[in-house]
Amino acid sequence: MEQVIKYEEFVRKFKTQSAAASSNKQISMAIAVCKRLYFDFQEFSAESNFGDPDVLLHAIEIAENFKSQDSQRIKQLLPLIEKNCPHSDDFGNANYAINASGAVYETLEFLI
């Protein structure tokens, strides 16, 4: 029970602190998460022969170098990321790859 309380407290504090952060800090944090999760997607892709890790890597690079004029470019990437994301119905071991794809997708949405 104590672990549940600690987790709930962590989630509450994390939400409060991240919401209070500047948008630049939020973007930096999102990109850092994408980078850490990328390797999970890369490993899944190699094991399952599904998806192209370069699509996520390219999207992360664009997020790192984002300028407002890149919005159209990002909008074109979103369907590619979605298509590249595995589905849990098709792969039993896709959870981490789905998380990686979702993090990149949501980071790009945030930038737009």
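For the structure given in this document, a descriptive report is provided here. Small disclaimer: the values here were computed from a predicted structure and weren't measured. (Residues numbered from 1 in each chain as written. Predicted model: local features only at pLDDT ≥ 70, side-chain atom pairs only at ≥ 80, totals over all residues. Heavy atoms only, no water.)

1. Remarks on the environment of Asn-99
Part 1 of the reasoning: Mapped onto the fold, Asn-99 is located in helix α5 (residues 95-111).
Part 2 of the reasoning: Separated by 13 residues in the primary sequence, Asn-99 and Pro-86 place their C-alpha atoms 10.0 Å from one another. (Helix = DSSP H or I, 4+ residues; strand = E, 2+ residues; numbered from the N terminus.)

2. Section: the packing of aromatic side chains
Part 1 of the reasoning: In total, this model carries four aromatic pairs according to the counting rule given.
Part 2 of the reasoning: Judged by centre distance (6.0 Å) and plane angle (25°), the ring pair of Phe-10 and Phe-14 falls under stacked. Highlighted residues: Phe-10 and Phe-14, both in helix α1 (residues 2-20), separated by four residues, approximately one helical turn.
Part 3 of the reasoning: Pairing Tyr-38 with Phe-39 gives two aromatic rings, centres 5.3 Å apart and planes at 75°, and the pair type is edge-to-face.
Part 4 of the reasoning: These aromatic residues form a ring-pair network of at least three members: Phe-44, Phe-50 and Phe-91. (Phe/Tyr/Trp six-rings, centres within 6.5 Å; stacked < 30°, edge-to-face > 60°.)

3. Brief notes about the environment of Asp-54
Part 1 of the reasoning: Locating Asp-54 in the fold gives a position in helix α3 (residues 53-64).
Part 2 of the reasoning: Using a relative accessible area of 51% as the deciding quantity, one classes Asp-54 as exposed.
Part 3 of the reasoning: Distance from Asp-54 to Tyr-38, taken between C-alpha atoms, is 9.8 Å for residues 16 residues apart in sequence. (Buried < 20%, exposed > 50% of the residue type's maximum accessible area, 1.4 Å probe, protein only.)

4. Notes on α3
Part 1 of the reasoning: When the terminal C-alpha atoms of α3 are compared, their 17 Å separation across twelve residues agrees well with the 16 Å that a helix rising 1.5 Å per residue should span.
Part 2 of the reasoning: Taken together, the buried positions of α3 are Pro-53, Val-55, Leu-56, Ala-59, Ile-60, Ile-62 and Ala-63.
Part 3 of the reasoning: Among the structural elements, α2 (23-48), α4 (71-84) and α5 are those in contact with the buried residues of α3.
Part 4 of the reasoning: One side-chain oxygen at the N-terminal end of α3 lies 3.0 Å from the backbone nitrogen of Asp-54; it belongs to Asp-52. (Expected span 1.5 Å × (residues − 1). Contact = heavy atoms within 4.5 Å. Polar contact = N/O pair within 3.5 Å; in protein donor to acceptor, adjacent residues only side chain to side chain.)

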